[in-house]
Amino acid sequence: MKKWLVNFGVVAGLLSLTACNSGADTIVQSNLGDITKEEFYSELKAQGGDKVLKQMVETMLLEKEYNVTDKEIDAKVNDYKQQFGGDEGLKQAFQQRGIVDEQAFKKLVERELLAQKATTDGVDVSEEEMKKEFEEKYKEEIKASHILVTDEKTAKEVKGKTDKGEDFAGLASEYSIDPISKDKGGDLGYFSKGMMVPEFDSVVFSLEVNKVSDPVKTQYGYHIIKVTDKKTNTFEDKKDKIEEKLKFAKAKPIDTVISKLQKEADIIIKDKELEDVLEKPQQTEMK
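Residues numbered from 1 in each chain as written. Predicted model: local features only at pLDDT ≥ 70, side-chain atom pairs only at ≥ 80, totals over all residues. Heavy atoms only, no water.

**Student:** Can you explain the overall build of the chain? Please cite residues and give values.
**Tutor:** When helices and strands are tallied, the chain shows 11 helices and 6 strands. Here the chain holds 287 residues, and the buried ones make up 40% of them. Within the chain, contacts between residues separated by at least 24 positions form 72% of all contacts whose residues are at least 6 apart in sequence. About 16,700 Å² of surface is accessible on the chain, with carbon and sulfur atoms providing 48% of the total. (Helix = DSSP H or I, 4+ residues; strand = E, 2+ residues; numbered from the N terminus. Buried < 20%, exposed > 50% of the residue type's maximum accessible area, 1.4 Å probe, protein only. Contact = heavy atoms within 4.5 Å. Areas by Shrake-Rupley, 256 points an atom, 1.4 Å probe, with all protein chains shown as cover.)

Here it is, written out as structure tokens:
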């Protein structure tokens, strides 16, 4: 699925700074000296103000054409929480990307949703396409746990312990290097085909419930996998999610959409140092 969140680090931090600007010419006073709005503005530009201005203009353009509700934002935030393993996992993601708090994250999510609506506006997918995707990837979901270790020797040792009946969750807590799942007994929750790396995916969907795999090597290390549940979905259960995914696959480039909206809005940037900022390509990041 395409991700449209922009420059989590610098932009998120600078957006929070811009909100602190007051109406007075002097925004900081001390017995060491003052900081004026002009000095603050210059520093902001030097530290990435071009990215902030570009994002502000683009958001303004998108908000004029499209609407995002609080309900949609909350739903997307919850999706990310699931992806990162809950509240704690999401907080860790904030820290890694320089996002100050959930409120700042919600502003970025709002921008993501606006871009999604803009790039998929007018894109259609057929019922036949959706049903094909459902049969191939969404009809069956699996709930599984894993223990991730760095080397084959440790993987074989852990597998031997599971064969002797030792508690899988306890072994995950002791051995796993996956920071998100290890304290949850290795639990990965429910997922469908194609969501995991191919080596993991092919093994996990071939296991029976409560069976434990031999060590599986992927780019992340060695996994010992246990399937804990399987469920069969209906097409109606997954129709909206599939439609969204297929539309993303056909989405227009965000730069093309923004460029068209900019021309229609006849934007003039009066700061000479920033007048070319809108010509820079859109940057996307969310991994």
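Picking up where we left off.
**Student:** Let's hear about the nonpolar core: which residues, and what values?
**Tutor:** Among the nonpolar cores identified, the biggest contains 29 residues, and Leu-90, Phe-105 and Val-109 are the most heavily contacted of them. Elements with a minimum of two residues in this core: helix H2 (37-65), helix H3 (70-83), helix H4 (87-97), helix H5 (102-120) and helix H11 (254-265). Per-element accounting of this core gives the leading share, 8 residues, to H5. Ignoring sequence-local partners within four residues, the contact set of Leu-90 consists of Val-77, Tyr-80, Lys-81, Phe-84 and Phe-105. Counting 11 residues, the second-largest nonpolar core is a separate cluster that includes Phe-200, Val-204, Val-216 and Val-227. (Core = buried A, V, L, I, M, F, W, Y, C linked by side-chain atoms within 4.5 Å.)

**Student:** Talk me through the pairing of strand E6 (residues 221-232); I want residue IDs and the actual numbers.
**Tutor:** Where strand E3 (residues 140-149) meets E6, 10 bridges bridge the pair, whose relative direction is antiparallel. Along E6, the bridge assignment pairs Ala-144 with Val-227. With 3 bridges joining them, strand E5 (residues 216-218) and E6 adopt antiparallel strand pairing. Paired with Thr-218 across the two strands is Gly-221, which belongs to E6. Two successive antiparallel strands, E5 and E6, enclose a turn made up of 2 residues. (Pairing = 2+ DSSP bridges.)

**Student:** An account of helix H10 (residues 235-249) is requested, with residue identities and associated values reported.
**Tutor:** Between its first and last C-alpha atoms H10 spans 19 Å; for 15 residues at 1.5 Å apiece the expected length is 21 Å, and the two agree. Of all bends in H10, the biggest is about 30°, found at Lys-241. Three or more residues of H10 are buried, namely Phe-235, Lys-238, Ile-242, Leu-246 and Phe-248. Buried residues belonging to H10 abut H5, helix H6 (127-138) and E3. (Expected span 1.5 Å × (residues − 1). Bend = angle between axes of the 7 residues up to and from the residue.)

**Student:** Account for helix H8 (residues 168-175), naming residues and giving values.
**Tutor:** Listing the buried residues of H8 in full gives Phe-168, Leu-171, Ala-172 and Tyr-175. Buried residues in H8, looked at end-on, bunch into an arc of 105°, giving them a common side. Where the residues of H8 are buried, they touch E3, helix H7 (152-163) and E6. (Arc of directions from axis to C-beta.)

**Student:** Account for the pairing of E3, naming residues and giving values.
**Tutor:** The element E3 is largely enclosed, with a buried count of 8 among its 10 residues. As paired strands, E3 and strand E4 (residues 187-192) are joined by 4 bridges and run antiparallel to one another. Residue Ser-145 lies in a different strand from E4, and its bridge partner there is Asp-187.

**Student:** Give me the pattern of salt bridges: which residues, what numbers.
**Tutor:** A full pass over the atoms with the stated rule returns 21 salt bridges. Taking the shortest distance from any N to any O, the salt bridge between Lys-106 and Asp-74 comes out at 3.3 Å. Linking Lys-106 in helix H5 with Asp-74 in helix H3, this pair joins segments that are 32 residues apart in sequence. Since its relative accessible area comes to 35%, Asp-74 is described here as partly exposed. The salt bridge involving Lys-139 is made with Glu-135; its shortest N-O contact spans 3.7 Å. Classification of Lys-139 as partly exposed rests on a relative accessible area of 37%. Judged by its relative accessible area of 47%, Glu-135 is partly exposed. Each of Lys-54, Glu-58 and Arg-111 takes part in one network of salt bridges that share partners. (Salt bridge = Lys/Arg side-chain N within 4 Å of Asp/Glu carboxyl O.)

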